[in-house]
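Breakdown of the fold
Listed here are the chains, written in short residue letters.
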Amino acid sequence: IEIAKMRLILAMESLKKPDLIINKEIQKGKSKFPLNLRVGNSVLGYNFKDPHISGKSNEVKDHFNESLFEKIASESKPKISYEQFLNMKPFHWSIEFPDIIKENGFDIIIGNPPYIKEYDNRSSFLALKANPYYQGKADIWYIFACESLDLLKPRGILSYIAQNNWITSFGAKKMRDKFRESGQLIEFIDFNENRIFSNAEIQTMIFLAINQPPETN
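Presented here is an overview of the structure given in this document. Values in this document were obtained by computation on a predicted structure and should not be read as measured data. (Residues numbered from 1 in each chain as written. Predicted model: local features only at pLDDT ≥ 70, side-chain atom pairs only at ≥ 80, totals over all residues. Heavy atoms only, no water.)

A look at the overall build of the protein chain
Rules: Every helix listed is a DSSP run of H or I at least four residues long, and every strand listed is a run of E at least two residues long, numbered separately from the N terminus. A simple rule labels every residue: compare its accessible area, found with a 1.4 Å probe on the protein chains alone, to the largest value its type can have, and call it buried under 20%, exposed over 50%, or partly exposed in between. Working rule for contacts: check all heavy atoms of both residues, and any pair within 4.5 Å makes them a contact.
Looking only at helices and strands, the protein chain features eight helices and four strands. Written out in order from the N terminus, the α and β elements of the protein chain read α-α-α-α-α-α-β-α-β-α-β-β. Evaluated residue by residue, the protein chain yields a buried proportion of 40% over its 217 residues. Of the contacts formed within the protein chain by residues at least 6 apart in sequence, a portion of 67% connects residues at least 24 apart.

See the structure below:
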């Protein structure tokens with residue numbers, strides 16, 4: 001978190017805007033910087049729409065972890081231990097961002113999610129079998145996209161840069177269904193053969209979507 005915080009400080013300072021001036025005390029790390037940075041597995045945990053109580057206490061977090069592990073244990077094969085589950089750093093949005101719950105979700109989510117296919121790294125999916133957006137032959141970023149729509153307030157904006165094959169991929173069917181039911185694709189930029197990431201042999205795209213069910217005639 002501290003490294004990410006410093007990078008954000010330097011990035012904002014480079015903008016040279018008066019309202020983003022960072023004083024020397026903050027630059028030296030002697031003062032708390034008002035950024036809500038968190039660490040955790042953001043697709044392994046309860047989101048805002050799960051019917052669970054919110055809070056910051058360790059007791060509530062333990063309750064969430066135990067409840068989620070019980071659900072996952074019945075689905076995961078091979079079985080995982082509770083210690084393995086905790087090492088995956090479950091992240092419960094209602095605990096980490098209680099103020100956002102009061103506002104009914106985030107205004108905007110922007111991201112470059114991890115691209116991990118299940119047949120390349122099965123261990124990354126062990127605890128995700130109970131996720132409602134999981135399906136076989138999926139890429140983990142499909143789950144990120146679906147969960148992100150759930151975390152937005154009505155008419156909130158989602159923008160991702162990711163692989164471009166989700167439009168036709170069998171493993172992305174649940175993601176496409178989610179967008180048909182809950183979101184509207186506003187813009188889609190396909191880079192085709194142009195490599196945005198020089199060290200990755202993948203074709204990418206950027207999409208912009210709004211958290212609003214498609215209009216019906």
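Here we look at the pairing of strand E4 (residues 204-210)
Condition: Pairing between strands is defined by DSSP: at least two bridges between them are needed.
Buried residues dominate E4, accounting for five of its seven residues. As judged from the six bridges shared by strand E3 (residues 184-190) and E4, these two strands associate in the antiparallel manner. For Gln 184, the partnering residue across the bridge sits in E4 and is Ile 210.

Notes on the pattern of salt bridges
Stated precisely, the cut-off is as follows: Salt bridge, as used here, is a side-chain nitrogen of Lys or Arg placed within 4 Å of a carboxyl oxygen of Asp or Glu.
Inspection of the entire model under this criterion finds seven salt bridges. The partner of Asp 177 in a salt bridge is Lys 173, and the shortest N-O contact between them spans 2.9 Å. Taken as a pair, Asp 177 and Lys 173 lie in helix H8 (residues 173-182) at a separation of four residues, close to a single helical turn. In this structure Lys 173 comes out as partly exposed when scored by relative accessible area, which is 43%.

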